[in-house]
Amino acid sequence: MSRLQEYEAYLERVRATGSRVITVTMPCCSKQLDVHVPNGKAHEWTSLMECPHCGTFWMSRKKHSVVGLGRPSPEVEGAVERHVLVSEKKVTA
Ligand SMILES: [Zn+2]
C-alpha cells in the first residue's frame, strides 16, 4: 500500500467511529487533504504529521475547524514557516 492508501484506510476507520474530518489545502504541495480533528471545540491536538501526498513533515496543532502547521523554513536558516489552514468543507460531523 502506498502512503496515501494507508492514510485513506486510516481515515475510513476514523470516519467509522463518527470522528470529525475536515479538508484543508496543504501548503507543501497545494493538494487537498482530509485531516482528523477533535470533535470538541475546546480541544487541541499537537502531533508530528507527515503529508501523505509529498512526505513533508510538519508539527501540527489540530483544532475543531483549523489546522496549524509549522516546520523549519526550507529557505531561511533558523526561521520557522507557519501556516493556519481553515476547514474548506465539512466532510464528517
Ligand atoms: Zn504535501
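Higher on the page you've got the structure.
Throughout what follows, the structure given in this document is the object of discussion.

## A closer look at the nonpolar core
Residues Ile22, Val24, Met26, Leu33, Val35, Val37, Met49, Trp58, Val67, Leu69 and Leu85 constitute the largest nonpolar core, which totals 11 residues. Sorting the residues of this core by element identifies strand E1 (20-25), strand E2 (32-37) and strand E5 (66-72) as the ones contributing at least two each. Examining the composition of this core, we find that 3 residues originate from one element, E2, more than from any other. Once residues within four sequence positions are removed from consideration, Val37 is found in contact with Arg20, Ile22, Lys62, Lys63, His64 and Val67.

## Structural notes on the sheet that holds strand E4 (residues 57-62)
Taken together, the 4 strands give an open sheet; going across it, the order is E3-E4-E5-E6, and neighbouring strands pair in antiparallel fashion. Each having just a single partner strand, strand E3 (45-50) and strand E6 (80-86) make up the two edges of the open sheet. Strand-to-strand, the axes of this sheet are offset by a mean angle of 25°, without reference to chain direction. Note that E4 and E5 share 4 bridges and pair antiparallel. By the bridge assignment, Ser60 is partnered in E5 with Leu69.

## Let's talk about the pairing of E2
Within a regular beta strand, the side chains point alternately toward one face of the sheet and then the other, so they alternate between its two faces. Burial along E2 is one-sided: the face carrying Leu33, Val35 and Val37 is buried and the face carrying Gln32, Asp34 and His36 is not. Where E1 meets E2, 6 bridges bridge the pair, whose relative direction is antiparallel. Among the inter-strand pairings, Val21 is bridged to a residue of E2, identified as His36. Between E1 and E2, which pair antiparallel in sequence order, lie 6 residues; one of them, Ser30, sits at a positive phi of approximately 60°.

## Description of helix H1 (residues 3-16)
Its 14 residues place the ends of H1 20 Å apart at the C-alpha level, agreeing with the 20 Å of an ideal helix rising 1.5 Å per residue. In terms of residue burial, H1 counts as a barely covered element, since only 0 of its 14 residues are buried.

## Here we look at the environment of Ser30
Relative to the assigned elements, Ser30 resides in the loop between E1 and E2. Judged by local crowding, Ser30 falls into the exposed class, with 9 C-beta atoms found within 10 Å. Between the alpha carbons of Ser30 and Cys54 there is a distance of 9.9 Å; along the sequence they are 24 residues apart.

Conventions we followed
Throughout, a residue's number is its position along its own chain's written sequence, starting from 1. In view of the model being predicted, local features appear only for residues whose pLDDT reaches at least 70, and side-chain atom pairs are presented and counted only at 80 or more, with totals across whole chains, interfaces and linings using the full set of residues. Joined through C-beta atoms within 7 Å, a set of buried Ala, Val, Leu, Ile, Met, Phe, Trp, Tyr and Cys residues constitutes a nonpolar core. Residues with at least 20 neighbouring C-beta atoms inside 10 Å of their own are called buried, those with 12 or fewer are called exposed, and the rest are partly exposed, where every C-beta is derived from the backbone. Note on conventions: DSSP H or I runs of at least 4 residues are helices, E runs of at least 2 residues are strands, and numbering of each starts at the N terminus. Residues are scored as being in contact if the C-beta atoms we place from backbone atoms lie within 7 Å. Pairs of strands are assigned from DSSP output, requiring at least two bridges between the strands. All axes are obtained by fitting lines to C-alpha atoms, using only the stretch in contact for helices, and the reported angles, taken between N-to-C directions, cover 0 to 180 degrees. To estimate the expected span of a helix, count its residues, drop one, and scale the result by 1.5 Å.

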